[in-house]
Amino acid sequence: MTTTLTPAKALLARLRGSVADALFLARLPATEEQATDALSEVTRWAWLPALSGIAVAGDHARKAHDTAAGGGAE
């Protein structure tokens, strides 16, 4: 009976390990170059929405100023 349960236990242990790796463990870069690339991607995409918001606010402020100063809005 022990020989029948051993493959089942091994299978369950592999499945548990796979699920734990997929859900709970962070994926770490293998090399320093991959880590640098990942950090630059995060930095670029984290700043993009903020910069877009500043650009939109600048356009809005310029149009509001033109309207208030007596110029026509574009």
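Scroll up a little and you will see the structure.
Heads up: these notes are all about the structure in this document. Being a predicted model, the structure only gives us computed values, none of them experimental.

The rules behind the values
Residues numbered from 1 in each chain as written. Predicted model: local features only at pLDDT ≥ 70, side-chain atom pairs only at ≥ 80, totals over all residues. Heavy atoms only, no water. Helix = DSSP H or I, 4+ residues; strand = E, 2+ residues; numbered from the N terminus. Buried < 20%, exposed > 50% of the residue type's maximum accessible area, 1.4 Å probe, protein only. Areas by Shrake-Rupley, 256 points an atom, 1.4 Å probe, with all protein chains shown as cover. Patch = residues over 30% accessible without salt bridge, like charges linked within 9 Å, V, L, I, M, F, W, Y side chains within 5 Å. Salt bridge = Lys/Arg side-chain N within 4 Å of Asp/Glu carboxyl O. Expected span 1.5 Å × (residues − 1).

### A few points about the overall build of the protein chain
When you go through the protein chain residue by residue, the secondary structure sums to 2 helices and 0 strands. By residue count, 0% of the 74 residues in the protein chain fall in the buried class. Accessible area for the protein chain stands at about 6700 Å²; split by element, carbon and sulfur atoms hold 67% of it.

### Here we look at a nonpolar patch on the surface
A cluster of nonpolar side chains, Leu11, Leu12 and Leu15, forms an exposed patch at the surface whose accessible area comes to about 290 Å². Mapping Leu15 onto the fold places it in helix α1 (residues 2-23).

### Section: helix α2 (residues 32-68)
Along its 37 residues, α2 runs 54 Å from first to last C-alpha, staying within 8% of the 54 Å computed at 1.5 Å per residue. At the C-terminal side of α2, Gly70 shows a positive phi close to 105°.

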